[in-house]
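Overview (structure and organization)
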Amino acid sequence: MKPIIAPSILAADFANLQSEIELLNQSAGEWIHCDIMDGRFVPNISFGLPVLEAVHKHARKPLDVHLMIAEPHLYIEQFQKAGATNITVHYEVCPHLHRVIEQIKSAGCKAGVALNPHTPVGLLEDIITDLDLVLIMSVNPGFGGQKFIPHTYAKVAALRELIQAKKAHALIQVDGGVNTETAPLLVEQGANVLVAGSFVFQAADPLQTILHLHNLASY
Ligand code: DX5
Ligand code: ZN
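All values reported here derive from a predicted model rather than from experimental measurement.

Attention shifts here to the site of ligand 1. Around ligand 1, the surrounding shell holds 22 residues, and the nearest of these are Ser 8, Leu 10, Gly 144, Gly 197 and Ser 198. Among the elements of the structure, β2 (32–37), β8 (193–196) and α7 (198–201) are those that each provide at least two residues to the shell around ligand 1. Looking at the shell around ligand 1 residue by residue, the class counts come to 9 nonpolar, 11 polar and 2 charged.

Quick look at the structure:
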């Protein structure tokens, strides 16, 4: 199978968001990745619910919402109403992770957990069978355009082993520094979903770039 490409609109032109979304509607990208940052969990503020609603109005693909916010349990239902298909919360901000995952599923969304670069995949041992998605951060969350952290390859491989050992079904998603160099190596280690922001939107031909990332490797 070929990886799902989830272009991140964090790198899009926010002044022309409608045309950026229409471009993604025509692309080989299967999901639209939406990065929500609160200036508390991460040292940056991106966009929130009203912008997500506006994106949803034009999007013809599932919205893959990556919550980089503290206390995400306070906002799950609002993000579902704003149009989220997948909701991913960070392990580092959820002392009651199992409860939040149940909350996301009760809201009718697919549930994901994101791990910061320093957070080991082994910590998911007792929850992996409940998850639809695990997002491995390959940069420190908060900004697009950062350098890929090479230790990510080993984490993807370890997560694939954990998923197999537990007979779980979670997809493995990688976010940060994805390009034509890192993408095939990630897929080789077991990645199923690749998020790409600046590599797509800074390209001369974003549509071609998305298609290229999609076709580079299979698993
Ligand atoms: C970073 C975000 C990413 C970001 C990736 O905190 O979670 O989704 O948009 O950007 P690139 O692909 O430029 O590294
Ligand atoms: Zn993201």
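Before going further, it helps to examine the confidence of the model for the chain. Looking at the chain, the pLDDT average stands at 98 and 100% of residues meet or exceed 70. Scored as a whole, the predicted complex attains pTM 0.98, and scored at its interfaces, ipTM 0.99.

Turning our attention to unusual backbone geometry. The residue Glu 71 is not glycine, and still its phi comes out positive at about 50°. The residue Glu 71 is located in the loop between β3 (63–68) and α3 (76–82) in this model. The backbone of Lys 167 shows a phi angle near 50°, a positive value even though the residue is not glycine. Looking at the secondary structure, you find Lys 167 in the loop between α5 (152–165) and β7 (171–175).

Now for the sheet that holds strand β4 (residues 84–90). As summarised here, the arrangement of the 8 strands in space is β1-β8-β7-β6-β5-β4-β3-β2, forming an open sheet in which the pairing is parallel. At either end of the open sheet lies a strand with only one pairing partner, and these are β1 (4–7) and β2. Ignoring strand direction, the axes of neighbouring strands in this sheet form an average angle of 25°. Of the pairings in the sheet, the one linking strand β6 (residues 133–137) to β7 comprises 5 bridges and is parallel in character. If you follow Leu 133 over to β7, its bridge partner there is Leu 171. Across the face of the sheet, helix α4 (residues 97–106) comes into contact with β4 and β5 (110–115) while running at roughly 145° to β5. Sheet contacts for helix α8 (residues 206–215): β1 and β8; angle to β1, the most-contacted strand, approximately 145°.

Within the secondary structure, Leu 159 is located in helix α5. Spatially, the C-alpha atoms of Leu 159 and Gln 189 are 9.4 Å apart, while their sequence positions differ by 30 residues. Once you skip the residues sitting within four places of it in the chain, Leu 159 turns out to touch Val 121, Val 134, Ile 136, Ile 172 and Gly 190.

Here we come to the pairing of β6. Along β6, 5 of the 5 residues are buried, which leaves the element largely enclosed by surrounding structure. Relative to β6, β5 runs parallel, the two sharing 4 bridges. From the neighbouring strand, Leu 115 faces β6, where its bridge partner is Ile 136.

Cut-offs applied
- Residues numbered from 1 in each chain as written.
- Chains lettered and ligands numbered in written order.
- Predicted model: local features only at pLDDT ≥ 70, side-chain atom pairs only at ≥ 80, totals over all residues.
- Near = placed C-beta within 6 Å.
- Helix = DSSP H or I, 4+ residues; strand = E, 2+ residues; numbered from the N terminus.
- Nonpolar A, V, L, I, M, F, W, Y, C, P; charged D, E, K, R; others polar.
- pLDDT = per-residue confidence, 0-100.
- Pairing = 2+ DSSP bridges.
- Axes fitted to C-alpha atoms, helices over the stretch in contact; angles between N-to-C directions.
- Contact = placed C-beta atoms within 7 Å.
- Buried ≥ 20, exposed ≤ 12 C-beta atoms within 10 Å, placed from the backbone.

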